[in-house]
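# Coordinates in review
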Amino acid sequence: MSEAAANFEGLLREALAPVEPPEDLVERLESTLTSITELAVDELEAWELSAMRDPRNWARPAAAVVVGSAAAGALVILRARRRAQASSSDLGASGWSSLNRSAERAIRDLGRGTRRVLGDR
Amino acid sequence: MSEQVSQKPKAQLDAEFSELYRAHLRDVYSYAYYRVGDHHDAEDLTEQTFLQAYRHFERAQRESHGRPLRPWLIRIAHNLAANLYRDRSRKPALPIDETSTLAALHTTEQLVEGRDELSRVLDGVRLLPDDRREALIMRFALGMDNREIARALGRSDGATKVLIHRAIRQLHELVGDRDVANGRVSGQPRGGAVEPDAGGGQDE
């Protein structure tokens with residue numbers, strides 16, 4: 001590749017720099033993805049009430065509760081990790097107390113998310 | 001029978017989808033932004049891309065045979081962007097004289113502000129035919145290699161290599177022509193004559 005071509009490609013790379021998604025989009029998307037898994041659980045509840053009279057259907061809701069809880073857990077972790085990442089950027093300013101607060105928040109998020117799925121069961 | 005064996009638990013699929021989302025949110029948003037040239041449409045496109053990806057994730061994993069899923073994600077965004085413009089029946093790129101609107105919306109453009117050279121390159125990218133513009137976005141904004149771009153665009157590796165080569169050459173020409181029109185002298189040599197078919201048509 002000639003030097004001119006390399007220069008031009010460098011310019012192009014600079015002009016088309018990756019774009020960070022806005023924070024509100026990240027929040028909205030994660031909330032939507034979490035809702036999708038919760039919707040599956042809600043649908044399951046409606047189905048469960050009518051189907052539980054038949055013992056042949058008993059295996060499915062039990063399995064789905066486990067699957068749904070873990071799925072929501074995964075998305076809660078996703079939120080918690082992101083929050084922890086945001087806090088870690090402040091580590092220099094506020095030190096370990098910030099990290100501790102972030103860890104506490106992450107644990108609270110995880111507990112709240114899991115309770116939301118399992119709370120009424 | 002074999003399909004039954006290959007099925008993963010939903011929890012595992014969701015966890016893997018979360019990984020995919022984390023790894024490629026910026027790629028999808030960058031692609032969407034440069035593709036549609038508008039902050040709000042880019043957000044909608046990114047959201048729709050991940051919702052559609054979530055719906056078809058299991059099948060995509062099965063059919064990918066372990067290959068990276070980024071080209072599949074970008075292909076979803078590519079198809080959705082095409083639908084968006086077909087529905088609205090309008091040209092995706094902003095007219096060249098509306099770049100100030102774009103600059104008001106985005107930090108990357110703010111970074112470019114004052115760098116006239118980069119602005120001219122962006123203007124040139126917007127003037128390229130859709131397929132060439134997309135190939136350049138994938139290569140330079142997302143850092144995809146030829147094989148990934150080929151998968152995202154549904155082309156052969158060879159055709160993709162030619163597409164990118166022609167896109168760069170046409171862009172070099174466009175930037176050079178605008179320099180001449182504006183009375184500037186380009187600091188770099190011109191890229192040579194553009195092939196007759198490279199003037200604006202889509203590459204085969």
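Note that the coordinates shown come from a computational prediction; the quantities given were computed from them, not determined experimentally.

Rules and cut-offs
- Counting restarts for each chain: residues are numbered from 1 in the order of the written sequence.
- A letter from A marks each chain and a number from 1 marks each ligand, given out in the order of writing.
- Note on the predicted model: pLDDT of at least 70 is required for a residue's local features to be given, and 80 or more for side-chain atom pairs to be given and counted; whole-chain, interface and lining totals, by contrast, use all residues.
- What counts as a helix is a DSSP run of H or I of at least four residues, what counts as a strand is a run of E of at least two, and both are numbered from the N terminus.
- Burial is judged by counting other C-beta atoms within 10 Å of a residue's own C-beta: 20 or more means buried, 12 or fewer means exposed, and anything between counts as partly exposed, with every C-beta placed from the backbone.
- This entry defines residue contacts through backbone-placed C-beta atoms, with two residues in contact when those atoms are within 7 Å.
- An axis is simply a line fitted to the C-alpha atoms; with a helix, the fit covers only the stretch in contact. Between two such axes, the angle follows the N-to-C directions and lies from 0 to 180 degrees.
- Here roughly perpendicular refers to angles of 65 to 115 degrees, roughly parallel to angles under 35, roughly antiparallel to angles over 145, and oblique to all remaining angles.
- By convention the nonpolar core is taken to be a set of buried residues drawn from Ala, Val, Leu, Ile, Met, Phe, Trp, Tyr and Cys and joined through C-beta atoms within 7 Å.
- Domain ranges listed in this record stem from an automatic or a database domain assignment.
- Here the term charged refers only to Asp, Glu, Lys and Arg, the term nonpolar to Ala, Val, Leu, Ile, Met, Phe, Trp, Tyr, Cys and Pro, and the term polar to all other amino acids, Gly among them.
- pLDDT gives the predictor's per-residue confidence on a scale running from 0 to 100.
- One less than the residue count of a helix, multiplied by 1.5 Å, gives the span that helix is expected to have.
- By definition, turning the near helix anticlockwise from the far helix through less than a right angle yields a left-handed crossing, and turning it clockwise yields a right-handed one.

## A short note on the overall build of chain B
When helices and strands are tallied, chain B shows 10 helices and 0 strands. Going from the N terminus to the C terminus, chain B shows its helices and strands as α-α-α-α-α-α-α-α-α-α. Looking at chain B as a whole, 37% of its 204 residues qualify as buried. Counting contacts in chain B only where the partners sit at least 6 residues apart, residues at least 24 apart contribute 65% of the total.

## Quick word on the packing of helix α1 (residues 3–15) of chain A against helix α7 (residues 116–127) of chain B
For any two helices packed against each other, one specifies the inter-axial angle together with the distance between the axes. The N-to-C vectors of α1 of chain A and α7 of chain B enclose an angle of 85 degrees; their axes lie 9 Å apart at closest approach. On the basis of their axis angle, the class for α1 of chain A and α7 of chain B is roughly perpendicular. Seen from α1 of chain A, the contacting residues are Leu11, Leu12, Glu14 and Ala15 of chain A; seen from α7 of chain B, they are Glu117, Leu118, Val121 and Leu122 of chain B.

## Quick word on the nonpolar core
In this structure, Tyr31, Ala32, Ala77, Ile137 and Met138 of chain B are the most contacted members of the largest nonpolar core, which totals 54 residues. Broken down by element, this core gets its largest block of residues, 11 residues, from helix α2 (residues 10–36) of chain B. Formed jointly, this core draws a minimum of three residues from each of two domains, domain 1 (1–92) and domain 2 (99–204) of chain B. Excluding residues within four positions of it along the chain, Ile137 of chain B makes contact with Leu16 of chain A together with Tyr31, Tyr34, Arg35 and Leu142 of chain B.

## Some points on the interface of chain B and chain A
At the interface, 34 residues of chain B touch 29 residues of chain A. When residues of the side of chain B that touches chain A are traced back to their parent elements, those giving at least two are α2, α3 (39–64), α6 (107–112), α7, α8 (130–141) and α10 (157–181) of chain B. At 12 residues, the largest contribution of residues to the side of chain B that touches chain A is made by α2 of chain B. Along the lines of polarity and charge, the residues of the side of chain B that touches chain A split into 20 nonpolar, 7 polar and 7 charged.

## Brief notes about the confidence of the model for chain B
All names here are of chain B. Per-residue confidence for chain B gives a mean pLDDT of 78, with 70% of residues at or over 70. Across chain B, the secondary-structure element scoring lowest on mean pLDDT is helix α5 (residues 99–105), at 40, and the one scoring highest is helix α9 (residues 146–153), at 96. Within the model, pLDDT remains below 50 along residues 1–5, and this stretch shows 0 contacts once partners closer than five positions in the same chain are excluded. Low pLDDT (under 50) marks residues 185–201, which in the prediction has 24 contacts with non-local residues, meaning those over four places away or in another chain.

## Structural notes on unusual backbone geometry
Residues and elements named next belong to chain B. Even without glycine at this site, His65 takes up a positive phi of about 50 degrees. If you trace the backbone, His65 turns up in the loop between α3 and α4 (70–88). Residue His65 is classed as exposed on the basis of its 6 C-beta neighbours within 10 Å.

## A few points about α7 of chain B
Residues separated by three or four positions in an α-helix point in the same direction, a consequence of the helix having 3.6 residues per turn. Between its first and last C-alpha, α7 of chain B extends 17 Å over 12 residues, near the 16 Å set by a 1.5 Å rise per residue. Of all the residues in α7 of chain B, the buried ones are Leu118, Arg120, Val121, Leu122, Gly124 and Val125 of chain B.

## Considerations on the environment of Ser30 of chain B
Residues and elements named next belong to chain B. Checked against the element boundaries, Ser30 lands in helix α2. On the basis of neighbour count, Ser30 is assigned to the buried category, with 26 C-beta atoms found within 10 Å. Separated by 112 residues in sequence, Ser30 and Leu142 have C-alpha atoms that sit 7.3 Å apart.

## Thoughts on α4 of chain B
Residue and element names in this part refer to chain B. Taking 1.5 Å per residue, 19 residues should reach 27 Å; α4 reaches 27 Å between its end C-alpha atoms and fits that length. Of all the residues in α4, the buried ones are Arg70, Pro71, Trp72, Leu73, Ile74, Ile76, Ala77, His78, Leu80 and Ala81. The inward-facing, buried residues of α4 abut α2, α3, α8 and α9.

## Digging into the packing of α4 of chain B against α9 of chain B
Residue and element names in this part refer to chain B. Interaxial distance between α4 and α9 falls to 8 Å at its minimum, and their mutual angle equals 40 degrees. For the element pair α4 / α9, the angle class is oblique. Considering only the axes of α4 and α9, their crossing is right-handed. The segment α4 lies against α9, with Arg70, Pro71, Ile74, Arg75 and His78 engaging Glu148, Arg151 and Ala152. Taken together, the residues of the contact of α4 with α9 sort by class into 3 nonpolar, 1 polar and 4 charged.

## Observations concerning the environment of Phe17 of chain B
All names here are of chain B. With respect to the secondary-structure elements, Phe17 resides in helix α2. A count of 23 C-beta atoms within 10 Å places Phe17 in the buried class. A sequence separation of 37 residues divides Phe17 from Tyr54, and the C-alpha atoms of the two residues are 7.0 Å apart.

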